[in-house]
Structure formats: structure tokens, C-alpha cells
Amino acid sequence: MSDTLPFEASAASSFSDDDRVFMTRALELAAHARDAEGEVPVGAVLVLDGAIVGEGWNRNISLNDPTAHAEIQALRAAGQALANYRYPGSTLYVTLEPCSMCAMAMVHARVGRVVYGAADPKTGAAGSVFDTLVSDRHNHRVSVQGGLCADEASTMLREFFRARR
């Protein structure tokens with residue numbers, strides 16, 4: 001893995017107004033996961049041609065499913081909505097850096113771009129621990145931008161785990 005992260009600088013100017021709108025929706029879904037289902041607060045929104053085509057939030061506990069991460073839920077919802085399993089040109093907004101499982105699902109789905117909030121220094125696969133999304137070993141690479149609303153996402157996660165202790 002390289003010494004530098006593969007995403008662009010997370011300066012506020014590197015994100016569009018649309019990016020902020022869609023990440024705000026992902027944060028709302030993360031809060032829903034926490035408040036309505038007692039799940040780890042992670043939310044995801046898949047956008048294609050400027051419209052939300054899939055939404056998801058962590059549901060591992062409520063569904064007894066280790067694969068029910070927010071990103072997977074959003075990809076599944078998009079598949080149903082679009083009657084397809086590939087989403088070229090799409091952007092996935094997620095409040096936490098994707099893990100390896102979710103990153104590979106995005107590669108297989110041909111997601112064009114991922115924008116995430118908080119970095120995950122333990123299992124992140126978008127540059128923190130692994131570079132799965134941009135690996136030249138895959139026939140598709142996903143553009144990565146991290147740090148949008150990172151403070152909000154990190155605070156939500158930190159407070160969730162603090163309350164559980």
C-alpha cells in the first residue's frame with residue numbers, strides 16, 4: 001500500500017453542493033439506523049444521473065446478516081429499482097469508509113465514484129488499510145474521495161459506541 005491515501009484532498013472546496021446534499025441524506029440514514037434499529041450508524045446513498053436510486057443503512061443486527069452493511073443495502077435497492085446489477089457512472093455516498101466486502105461489491109457493480117465521510121483506520125478499504133477500490137488488479141477501479149462531513153459521521157459513530165460501553 002502506498003504512503004499516501006488514494007483519494008483527493010478532503011478540502012471543503014473539493015466537494016460539490018450535490019455531494020453535500022447526498023451525504024446529508026446518508027447521515028440521516030445513519031441516524032435512522034441508530035435511532036430506529038439500534039444499529040451501528042452508517043448510511044449510504046447511491047446516485048445515478050443526479051437521482052437517488054438506492055438507499056441503505058446498517059442492518060446487520062436486525063437482519064442477523066453479516067453482509068447487511070449500508071453500502072450493500074443501497075446497492076441491493078438500486079438493483080431492484082434499475083433492474084440491473086451494474087451502475088456505471090454512479091456515485092455512492094457513505095458515512096464511513098467502506099470495508100473490503102463493500103468495496104468489492106462496488107467494483108463488481110461498476111460504481112464510478114465513492115464519497116465517504118469518516119475514515120476507518122481498522123478495516124477501511126478505500127485507502128486507510130487497503131486500497132481495494134483503486135487496485136490495478138481489478139478490471140474496474142472506483143474513484144474515491146474521502147472526508148465529506150467526516151466530523152459529523154465520526155461524532156455519530158463515537159457517541160454510539162461510547163453509549164454502548
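Residues numbered from 1 in each chain as written. Predicted model: local features only at pLDDT ≥ 70, side-chain atom pairs only at ≥ 80, totals over all residues. Heavy atoms only, no water.

S.K.: Looking at this structure, I do not really get the overall build of the protein chain. What am I missing?
M.R.: The number of helices and strands found in the protein chain is five helices and five strands. Going residue by residue from the N terminus, the α and β elements of the protein chain occur as α-β-β-α-α-β-α-β-β-α. In terms of C-alpha radius of gyration, the protein chain reaches 14 Å, essentially the compact-globule figure of 15 Å for 165 residues. Along the three orthogonal principal directions, the C-alpha set of the protein chain runs to about 40 × 40 × 30 Å. (Helix = DSSP H or I, 4+ residues; strand = E, 2+ residues; numbered from the N terminus. Rg over C-alpha atoms; globule rule 2.2 N^0.38 Å.)

S.K.: Honestly, the UniProt feature "binding site: Zn(2+)" (unreviewed entry) in the protein chain in this entry has me stumped. Any pointers?
M.R.: When the UniProt feature table is mapped to this numbering, "binding site: Zn(2+)" (unreviewed entry) covers His69, Cys99 and Cys102. For the annotated residues, spread through 34 residues, the largest C-alpha to C-alpha distance comes to 9.3 Å, consistent with a single compact locus. Inspection of the secondary structure puts histidine 69 in the loop between helix H2 (60-63) and helix H3 (70-82). Among the secondary structure elements, cysteine 99 is positioned in the loop between strand E3 (91-96) and helix H4 (100-109). Each residue touching cysteine 99, except ones within four places of it in the same chain, is listed here: His69, Glu71, Thr123 and Ala125. (UniProt positions renumbered as here; feature names shortened; annotations may be inferred. Contact = heavy atoms within 4.5 Å.)

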